[in-house]
Amino acid sequence: MSLQHPPLHTVHVPLGARAYDIVIAPDAIDSAGARLAAMFPGARYGIVTDDNVASAQLPRLAASLDAAGLAHSEILVPAGEASKSWGHLQTVVDAILAARLERSDILIALGGGVIGDLAGFAASIARRGMDFVQIPTSLLAQVDSSVGGKTGINSSHGKNLVGAFHQPRLVLADLAALETLPPRQFAAGYAELAKYGLIDDEDLFFWLEANYPEIQAGGPARGEAIARACAAKARVVAEDERETGNRALLNLGHTFGHALEKATGYSDRLLHGEGVAIGMVLAHRFSAKLGLAPSQDAGRVEAHLKNAGLPTTLADIPGDLPPTPVLMDAIGQDKKVSRGALTFILTRGIGRAFIEKNVDPQTVATFLEEIR
């Protein structure tokens, strides 16, 4: 069986023995069987997906694996952030063992960021470590969570606090899968895409401003935008795989965003990308309040994200939010906290993010009170 079409883009993640490619193509799912058969001869496959993705994309993947003669089993979990839990992790691991998948077999994460994080973590611990392949079907997962090896689940204490660094062997980003996304889900993923321009590439952010209509409509700019975002993340991951240094810059907007996600119960009130969008605006506004960044840059960031259909203020979140001390408690559980001191990703303007340690909690609390 041959691949139907060459990929539009291939991005290499250079991690020595753990290096892998990100293949971006309109038929990446349909050609997955041929690609996997060539890479992993003799392997069997376990497909982890959710009940939403199963109806839209699982038949395509199953047909591709069947055409290549690859044995596979399916592991379904409910759609939504709540599946990143101890209970569903146990369900996935038990299903891997029940299917008698071996260490030499492959787990496939077919879905968005929740499935990628959950399946990747399960792969890292089942049989003391199995290889896995990411097939991200959401924009957020294609440009961010499927790349870099961060896997994990949530805790009652906060988001992504339990997990492991476990790199995939391959990432297949299928552009056709994005056509099935609701507009809100696409916008949520776009927040993570825009993040790469805001971190250290103002030219990318300006290009996104100019090309957003084509990206949204599914023109050639969409594949290019995904490739540029993946290349940006690959560069950072190669320099700092386990987030001991500058990889923390990828968390721009996440300290505020994760606190807001916890405050809304990890529910549909606030999707992850929506929390990141608000968090990036807050990071720019907080930086401006501290005299670090021009206030007009914060306004420009807010305007672009709002144009992309994203919430940008606390008032955009449906329902009431808990009081500031509760938000501050969530911020205090952020993974970047070191010996109790707050660390934020701040900015000196668009494309000039930096890591600021020992941020005064009272200054943050005062800022949150002012913008409520």
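The present account deals with the structure reproduced in this document. (Residues numbered from 1 in each chain as written. Predicted model: local features only at pLDDT ≥ 70, side-chain atom pairs only at ≥ 80, totals over all residues. Heavy atoms only, no water.)

**Looking at the overall build of the protein chain**
Along the protein chain, the regular secondary structure elements total 14 helices and 11 strands. Taking 2.2 N^0.38 as the reference for a compact globule, 372 residues should give roughly 21 Å; the C-alpha atoms of the protein chain span a radius of gyration of 20 Å, in line with that estimate. Projected onto the principal axes, the alpha-carbon positions of the protein chain cover approximately 60 × 40 × 40 Å. Within the protein chain, the proportion of its 372 residues that are buried is 58%. By sequence separation, contacts in the protein chain at least 24 residues apart represent 75% of the contacts at least 6 residues apart. With the model as given, the accessible surface of the protein chain reaches about 14500 Å², and the carbon-plus-sulfur share is 51%. Distance between charge centres in the protein chain, computed from 33 positive and 41 negative side chains, equals 5 Å. (Helix = DSSP H or I, 4+ residues; strand = E, 2+ residues; numbered from the N terminus. Rg over C-alpha atoms; globule rule 2.2 N^0.38 Å. Buried < 20%, exposed > 50% of the residue type's maximum accessible area, 1.4 Å probe, protein only. Contact = heavy atoms within 4.5 Å. Areas by Shrake-Rupley, 256 points an atom, 1.4 Å probe, with all protein chains shown as cover. Lys, Arg positive; Asp, Glu negative; His and termini not counted. Charge placed at Lys NZ, Arg CZ, Asp CG, Glu CD.)

**Remarks on unusual backbone geometry**
Positive phi, normally seen in glycine, also occurs at arginine 128, with a value near 65 degrees. Exposure remark for arginine 128: the relative accessible area of 78% places this residue in the exposed category. Backbone geometry at glutamate 243 places phi at a positive 55 degrees, although glycine is not the residue there. Along the chain, glutamate 243 falls in the loop between α9 (220-239) and α10 (254-263).

**What about the nonpolar core?**
Counting residues in each nonpolar core, the largest one holds 55 residues, and the members touching the most others are Leu139, Tyr190 and Leu208. Ranked by the residues each element gives to this core, the list is headed by α9, at 10 residues. Sequence-distant contacts of leucine 208, that is, excluding residues within four places in its chain, are made with Tyr190, Leu193, Ala194, Ile215, Ala225 and His304. (Core = buried A, V, L, I, M, F, W, Y, C linked by side-chain atoms within 4.5 Å.)

**Examining the environment of asparagine 307**
Tracing the sequence through the fold places asparagine 307 in helix α12 (residues 295-307). A C-alpha to C-alpha distance of 9.8 Å links asparagine 307 and alanine 187, two positions 120 residues apart in sequence.

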